[in-house]
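Examining the three-dimensional arrangement
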Amino acid sequence: MIRFCRRCVMPETKPDLFIDLAGICSACRNFESRDTVDWDGRKADLLRVLARYRATDGRNYDCIVPVSGGKDSHFQVLRMLELGLHPLCVTATTDHLSPVGRRNLDNLQRLGVDHVEVTTNPRVRRRINRLALTQVGDISWPEHVTIFTIPVRMAVQFNVPLIVWGENPQNEYGGPGAAAGDNVLTRRWLEEFGGLLGLRVSDLAGQDGIEPRHLVQYTYPTDEELRRVGVTGIFLGYYMPWDGYGNALYAQAHGFETHPTTVEGSLVPYENLDNLQTGIHDYFKFLKYGFGRATDLACMHVRRGRLSREDAVRLVQMHDGKFPWTYLGTSLEEILKPLALTVDEFVRVCDRFTNKKLFVCDARGTLVKDRTGSLARINDDNP
Ligand SMILES: [Zn+2]
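Notes on the structure follow.

Looking now at the overall build of the chain. If you tally the helices and strands in the chain, you get 18 helices and 7 strands. The C-alpha radius of gyration computed for the chain amounts to 21 Å, which stays within 12% of the reference 21 Å derived for 383 residues, consistent with globular compactness. Its C-alpha atoms give the chain principal-axis dimensions of about 70 × 50 × 40 Å. Evaluated residue by residue, the chain yields a buried proportion of 54% over its 383 residues. Expressed as a percentage of contacts within the chain between residues at least 6 apart in sequence, the contacts between residues at least 24 apart total 72%. Of the roughly 17,100 Å² of accessible surface on the chain, 51% is carried by carbon and sulfur atoms. Here the chain carries 47 positive and 48 negative side-chain charges, and the mean point of each set is 1 Å from the other.

As structure tokens, this is what we get:
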């Protein structure tokens, strides 16, 4: 039996999630506490922080804004511009940039900002994607590293101490209480919560022809460099109540492009549009923990009163954890080709990382799949 939160639809198998005696999960409890936050006070705090870091002589950037080009990036950049700041936008190129992701990055520049895009050697990147997929079951591992290391490296290089991140993922998703209260991003946070799964960057050197010189952009600056520039990071989501859907509406009104249909494995057309490997990433989360992106989205909308729990259960059954035959309309075969993996080889990797306790197996302990190759979650009725 998998236990689910009685308010949202999150299963207790989510790492770092706790379900209390009343049957309510820590993410829902964190969300509740938003009501007691003094948001006006936080806004004033934000203005104080920004004023402290603003480039005094007007000859440098006021802050770095890490941007993927998505709805949240648009929102962050728009807020900084509205507050009169002069940001440098920094993109760590995704694992497999989609055409719509490219167009959204172009749109972001048109908001009126300088923009640096750092792309790591794609030949090496494909090898790291493959290693990470087969060794820790996370194809997006290199992306999760570079989205944190590259903006910090740029902060050091451009001598811009303040980095304005979007949301602290631990806030909405309910990590340990102490972490959710944090409003700054540190190396310790990255190592603990950045999703590195025990694989370290230094472990890559020597594997599949990867050398230390290939890993420059995957490496966090030294403490000495960080101290010299005085690098500090803040989460905007700490200072203003964060809502992905609201951010999407705001971004769309500024030219942000959504997908023409609901994204595969998701419930919505407005997020995770920039990396074609995302479908694989989310599918592995489903195989390991029994929930996917549809569950995450359903929970966020249930908490905000936009979806009933009953409807959320139904939508999750419809959309979550389907075998990722396509993503943003591109076939799995196409997406795997740069990794030199066939669909059959991919399926074998999937089976290796599937938590059999969460899925229906036959009498011999073999996973039961339907004719589309999808698994059945046990107690999928989510009582
Ligand atoms: Zn919940």
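Moving on: the pairing of strand β4 (residues 162–165). Of the two faces of β4, the one carrying Leu 162 and Val 164 and the one carrying Ile 163 and Trp 165 are both buried. Taken together, the 4 bridges between β4 and strand β5 (residues 232–235) define a ladder with parallel strand orientation. Bridge pairing links Trp 165 to Phe 235 in β5.

As a further point, take the nonpolar core. Core analysis: the biggest nonpolar cluster contains 31 residues, and Leu 133, Ile 280, Tyr 283, Phe 284, Leu 328, Phe 346 and Cys 350 have the highest contact counts within it. Put simply, the parts of the chain that give this core at least two residues each are α14 (278–289), α17 (332–336) and α18 (343–353). For this core, the element with the most residues is α14, which contributes 5 residues. If sequence neighbours within four positions are ignored, Leu 133 has contacts with Asp 138, Ile 139, Ile 280, Phe 284, Leu 341, Phe 346, Val 349 and Phe 353. Listed in part, the 24 residues of the second largest apolar core include Ile 19, Ala 27, Ala 298 and Val 302.

Between its terminal C-alpha atoms helix α4 (residues 99–110) stretches 17 Å, which fits the 16 Å expected from 12 residues at 1.5 Å a residue. For α4, the complete set of buried residues consists of Val 100, Gly 101, Asn 104, Leu 105, Asn 107 and Leu 108. One face of α4 carries all of its buried residues, which in axial projection span an arc of 160°. Summarising the geometry of α4, the exposed residues directed more than 90 degrees from the buried face are Pro 99 and Arg 110. The inward-facing, buried residues of α4 contact α3 (71–82), β2 (87–92) and β3 (114–118). In the segment just after α4, Gly 112 is the residue with positive phi, at about 105°.

Looking at the metal site, the zinc ion is ligated by Cys 5 (SG), Cys 8 (SG), Cys 25 (SG) and Cys 28 (SG), spaced 2.2 to 2.3 Å from it. Each of the 4 donor atoms around the zinc ion contributes to a set of angles spanning 105 to 116°, which defines the coordination as tetrahedral. We note that the donor set of the zinc ion lies within a single chain, spaced as C-x2-C-x16-C-x2-C. Linking Cys 5 in the segment before α1 (26–32) with Cys 28 in helix α1, this pair joins segments that are 23 residues apart in sequence. The buried category is assigned to Cys 5, whose relative accessible area is 0%. The class of Cys 28 is buried, set by a relative accessible area of 1%.

Along the polypeptide, Leu 315 turns up in helix α16 (residues 309–319). Judged by its relative accessible area of 26%, Leu 315 falls in the partly exposed class. Along the backbone, Leu 315 and Ser 68 are 247 residues apart, and their C-alpha atoms lie at a distance of 27 Å. If we ignore the near neighbours within four places in the chain, the residues touching Leu 315 are Leu 267, Leu 307 and Asp 320.

This part covers the environment of Gly 246. Checked against the element boundaries, Gly 246 lands in helix α13 (residues 244–252). C-alpha separation for the pair Gly 246 and Pro 221, spaced 25 residues apart in sequence, amounts to 34 Å.

To continue, consider helix α6 (residues 141–158). When the terminal C-alpha atoms of α6 are compared, their 26 Å separation across 18 residues agrees well with the 26 Å that a helix rising 1.5 Å per residue should span. The largest bend in α6 comes to about 25°, at Ile 147, with the proline Pro 151 one to four residues further on. Counting buried residues along α6, 14 of its 18 residues qualify, which places the element largely inside the surrounding structure. Phi for Asn 159, located one or two positions after α6, is positive at around 60°.

Calculation criteria
Residues numbered from 1 in each chain as written. Predicted model: local features only at pLDDT ≥ 70, side-chain atom pairs only at ≥ 80, totals over all residues. Heavy atoms only, no water. Helix = DSSP H or I, 4+ residues; strand = E, 2+ residues; numbered from the N terminus. Rg over C-alpha atoms; globule rule 2.2 N^0.38 Å. Buried < 20%, exposed > 50% of the residue type's maximum accessible area, 1.4 Å probe, protein only. Contact = heavy atoms within 4.5 Å. Areas by Shrake-Rupley, 256 points an atom, 1.4 Å probe, with all protein chains shown as cover. Lys, Arg positive; Asp, Glu negative; His and termini not counted. Charge placed at Lys NZ, Arg CZ, Asp CG, Glu CD. Pairing = 2+ DSSP bridges. Core = buried A, V, L, I, M, F, W, Y, C linked by side-chain atoms within 4.5 Å. Expected span 1.5 Å × (residues − 1). Arc of directions from axis to C-beta. Donors = N, O, S within 2.8 Å, 3.2 Å for Na, K, Ca; no water. Tetrahedral: all angles 85-135°; square planar, octahedral: opposite > 155°, others 65-115°. Bend = angle between axes of the 7 residues up to and from the residue.

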